[in-house]
Amino acid sequence: MATKSELKAHYAKLARLGCVLCAHLGHDTYDQPVEIHHLRRYGIPRDQAPAIPLCAGHHRHFKDAVHQLGAKGFEKHWGFSLEDKLLEVESKLNE
Ligand SMILES: [Zn+2]
Ligand SMILES: [Zn+2]
């Protein structure tokens, strides 16, 4: 299990990647403020679940935000799942 300081370092790395949906749309994500979205895993505490970086708009506010669409609606709208983006994020972190 990751410690608080390990999580903090991990989130800082995620934040440097910028919003995965803005990146998908070709927007400039340089120095973009991001929020951390956790992908829920059964039996795993929220802060230990895998996470992806999203801007506030794509996380919560936009019509096509993760928390507006829900998992099924998200996949239908975007044509990929958050799990797909998680794999991309994890491979970028390992580069
Ligand atoms: Zn975004
Ligand atoms: Zn979230």
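Residues numbered from 1 in each chain as written. Chains lettered and ligands numbered in written order. Predicted model: local features only at pLDDT ≥ 70, side-chain atom pairs only at ≥ 80, totals over all residues. Heavy atoms only, no water.

Engineer: Help me out: how do you make sense of the coordination of the zinc ion (ligand 1) in this one?
Structural biologist: Reference geometry at the metal: tetrahedral coordination by four donors gives ideal angles of 109.5 degrees; octahedral coordination by six donors gives 90 or 180 degrees. Within the protein, Cys 19 (SG), Cys 22 (SG), Cys 55 (SG) and His 58 (ND1) serve as the donor atoms for the zinc ion (ligand 1), at 2.0 to 2.3 Å. Seen from the zinc ion (ligand 1), its 4 donor atoms lie at angles of 106 to 111°, and the figure they make is tetrahedral. Of note, the zinc ion (ligand 1) draws all its donor residues from one chain, in the sequence arrangement C-x2-C-x32-C-x2-H. (Donors = N, O, S within 2.8 Å, 3.2 Å for Na, K, Ca; no water. Tetrahedral: all angles 85-135°; square planar, octahedral: opposite > 155°, others 65-115°.)

Engineer: I tried to follow the pattern of salt bridges on my own but got confused; where do I start?
Structural biologist: Here the idea is simple: oppositely charged side chains can pair when their charged atoms come close. Evaluation of the coordinates by the stated rule reveals 3 salt bridges. Here Glu 35 and Arg 60 are joined by a salt bridge, their closest N and O atoms 2.4 Å apart. Of this pair, Glu 35 sits in strand β1 (residues 35-38) while Arg 60 is found in helix α3 (residues 56-61), placing the two residues 25 residues apart along the sequence. Residue classification places Arg 60 among the partly exposed positions, given a relative accessible area of 35%. Across the pair Glu 88 and Lys 85 runs a salt bridge, and its minimum N-O distance is 3.1 Å. In this pair, Glu 88 and Lys 85 both sit in helix α5 (residues 82-93), 3 residues apart, roughly one turn of the helix. We classify Glu 88 as partly exposed; its relative accessible area is 38%. (Salt bridge = Lys/Arg side-chain N within 4 Å of Asp/Glu carboxyl O. Helix = DSSP H or I, 4+ residues; strand = E, 2+ residues; numbered from the N terminus. Buried < 20%, exposed > 50% of the residue type's maximum accessible area, 1.4 Å probe, protein only.)

Engineer: Teacher, can you tell me more about the coordination of the zinc ion (ligand 2) here?
Structural biologist: Protein ligation of the zinc ion (ligand 2) involves His 37 (ND1), His 59 (NE2) and His 67 (NE2), the donor distances falling in the range 2.0 to 2.1 Å. Within one chain, the residues serving as donors to the zinc ion (ligand 2) are arranged as H-x21-H-x7-H. With His 37 in strand β1 and His 67 in helix α4 (residues 66-78), this pair connects stretches of sequence that are 30 residues apart.

Engineer: What's the story with the nonpolar core in this structure? I'm lost.
Structural biologist: The biggest cluster of nonpolar side chains holds 18 residues, and the ones touching the most others in it are Cys 19, Val 20, Leu 21, Ile 52, Leu 54, Phe 74 and Leu 82. Of all the secondary structure elements, the ones that give two or more residues to this core are α2 (20-24), β2 (51-54), α4 and α5. (Core = buried A, V, L, I, M, F, W, Y, C linked by side-chain atoms within 4.5 Å.)

Engineer: What exactly am I supposed to notice about the packing of aromatic side chains here?
Structural biologist: Geometry of an aromatic ring pair is reported as the spacing of the ring centres plus the angle between the planes. Using the criterion set out here, one finds 3 aromatic pairs in the structure. Note on Phe 74 and Phe 80: the rings are 5.9 Å apart at their centroids and 75° apart in plane angle, and the pair reads as edge-to-face. Ring centres of Trp 78 and Phe 80 lie 6.0 Å apart, and the angle between their planes is 45°; on these two criteria the pair is classed as tilted. The same class applies to Trp 78 as to Phe 80, namely buried. Taken together, the ring pairs in this structure connect Phe 74, Trp 78 and Phe 80 into an aromatic cluster. For Lys 85, the ring lying beneath its charged end belongs to Phe 80, and the centroid distance is 4.8 Å. (Phe/Tyr/Trp six-rings, centres within 6.5 Å; stacked < 30°, edge-to-face > 60°. Lys NZ or Arg CZ within 6 Å of the ring centre and 35° of its normal.)

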